[in-house]
Amino acid sequence: MPISNSDKIIIRDLAKRVAEIGHHPQQAENREMWKKHNSLKRTKPMVLVFPEGSWCELLPLKENLKCESPALHGWEWHLRHLIYRWEYLRDDNVIEPRIRVGPVFKFTGWGVEIRHSERTAERGSWAYEPVIKDSADIKKLRQPTIEFDEEATRQNLELAHELFDGVLPVVYAKRINLDCTLLTTLGEFIGLDNLLLYLADRPEFIHELMNFMTESTLAMMDQAEREGWVAPNNEDDYVGSGGVGYTDELPTTGSENRGYTFMDCWGFACAQEFSLVSPQMHYEFVLKYQIKLLERYGLNCYACCEPVSDRFEYVFKIPRLRRLSISPWADIYKSADALKDRCIFSWKPNPADLAAEVFNPDLIRSKIQECVNVARGCVLEIIMKDTHTVRNEPWRMSEWVRIAKEIADEGYPD
């Protein structure tokens, strides 16, 4: 693909700035802090922010993308968001001085076309329309397979080298991500209302679907390992529902020469759709299936927005559980008492505090301080995510980080 000289200058200038940031001594300091933290050595609480849905207010595409070629917009935004993170957010994320390019995979799918209703607003939600309605429909499902797109991968690598050689090293990350949650796919098959109703009305139907998806996912994992598509996610990788993957504990079984297995990787699953389901049903209908997949991983993360503080006896059955999400709807007191230094207390403050009509720094400070006080015997990380708006006031995100880090840097109270 021909690249104009002006576009190339834009990308390479941004890359030079990222290289400067990536070599700043703070990156090495944060990297070592994450390794200690992920090994359950108590440091200060770690602070992360993931703007997610509010990036469109922090870094609007129309105003910030300068390249003429749409093919470069992904790279341009990636570089600009790293620079923005460093210059304005300054959380404990690590910005590495390199460009990572992954392989391109094609998934054949489950054999049915997922359908949903139309949105009623530009950024609104939709409802899934059931495509699997009874046991006979399960026969429509097919075990997905994975195809490696060698040509697309080669083109991506060539473009990256053309753009970044001499400025940022290009690293080929031979890595595949597979879904161990299962529950989201189940909701796509039968609809979210039915996902809850059928637990009581048609439990064997749910078990039949969960068993099929579990065995299919295990087969894909076998294929990925056999084909050499697995590599450790132990650097600046987003792991779990928020967290950074730096650790000296992975890989454990494989190497670049021998090949890796999923035991050399962080695993993750969650059950957000089961937030209102009893702990016993959570375990019976989803967690025991997820565990069959998570058994294959070296370290595991669990949960996202669902509160888990009433079901620790089941969650702690997850092998090598290292990071547990404590959502805004979980009881932080029960959580701190149960977790201690058993696994990382991955606390998610309520993003509504950022999206309120009036930004209230005193409220934010009091909530963060309360959690730090409660979690003084834990390995705590404070992660702001699921922020779909900051009311078009980007400074709110920076101010939240400033407050959180000020409290975190004081450490845990005696």
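Provided above is the structure to which this section pertains.
Please read all numbers here as calculations on a predicted model, not as lab measurements. (Residues numbered from 1 in each chain as written. Predicted model: local features only at pLDDT ≥ 70, side-chain atom pairs only at ≥ 80, totals over all residues. Heavy atoms only, no water.)

## Describing the pattern of salt bridges
- Within this structure, the stated rule accounts for 34 salt bridges.
- With a closest N to O distance of 3.7 Å, Asp409 and Lys44 form a salt bridge. Of the two residues, Asp409 sits in helix α16 (residues 395-409) while Lys44 sits in the loop between α2 (25-38) and β1 (46-49), which places them 365 residues apart along the sequence.
- Glu406 serves as the salt-bridge partner of Arg402, at 3.1 Å between the closest nitrogen and oxygen. With a gap of four residues between them, Arg402 and Glu406 both fall in helix α16, about one helical turn apart.
- Overall, the relative accessible area of 39% leaves Arg402 in the partly exposed class.
- Taking the relative accessible area as the measure of exposure, Glu406 reaches 34% and is therefore partly exposed. (Salt bridge = Lys/Arg side-chain N within 4 Å of Asp/Glu carboxyl O. Helix = DSSP H or I, 4+ residues; strand = E, 2+ residues; numbered from the N terminus. Buried < 20%, exposed > 50% of the residue type's maximum accessible area, 1.4 Å probe, protein only.)

## Digging into the side chain of Arg85
- If you trace the backbone, Arg85 turns up in helix α5 (residues 73-89).
- Leave out the neighbours within four places in its chain, and Arg85 touches Val49, Phe50, Pro51, Trp55, Arg90, Asp91 and Asn93. (Contact = heavy atoms within 4.5 Å.)

## What to know about the pairing of strand β10 (residues 321-326)
- With six of six residues buried, β10 is to be regarded as a mostly interior element.
- Of the pairings in the sheet, the one linking strand β9 (residues 299-302) to β10 comprises three bridges and is parallel in character. Within the sheet, the bridge partner assigned to Asn300 lies in β10 and is Leu321.
- After leaving β10, the chain enters helix α13 (residues 332-339) and then returns to the sheet as strand β11 (residues 344-347), a path that is right-handed. (Pairing = 2+ DSSP bridges. Right-handed = clockwise from strand over helix to strand, strands pointing away.)

## Remarks on the side chain of Asn234
- With respect to the secondary-structure elements, Asn234 resides in the loop between α10 (203-227) and β8 (266-269).
- What makes Asn234 buried here is its relative accessible area of 15%.
- A polar atom in the side chain of Asn234 sits 2.9 Å from the backbone oxygen of Leu250. (Polar contact = N/O pair within 3.5 Å; in protein donor to acceptor, adjacent residues only side chain to side chain.)

## Quick look at the packing of aromatic side chains
- Across all of its chains, the model carries 14 aromatic pairs by this definition.
- Ring centres of Phe50 and Tyr238 lie 4.9 Å apart, and the angle between their planes is 75 degrees; this geometry places the pair in the edge-to-face category. Of this pair, Phe50 sits in the loop between β1 and α3 (55-58) while Tyr238 sits in the loop between α10 and β8; the two residues are 188 residues apart in sequence, bridging distant segments of the chain.
- Overall, Tyr238 belongs to the partly exposed group, its relative accessible area being 41%.
- Seen from their ring centres, Phe105 and Phe148 are 6.0 Å apart, and the 55 degrees between their planes marks the pair as tilted. Placement of Phe105 in strand β3 (residues 105-107) and of Phe148 in strand β6 (residues 146-148) is noted, with a sequence separation of 43 residues between them. (Phe/Tyr/Trp six-rings, centres within 6.5 Å; stacked < 30°, edge-to-face > 60°.)

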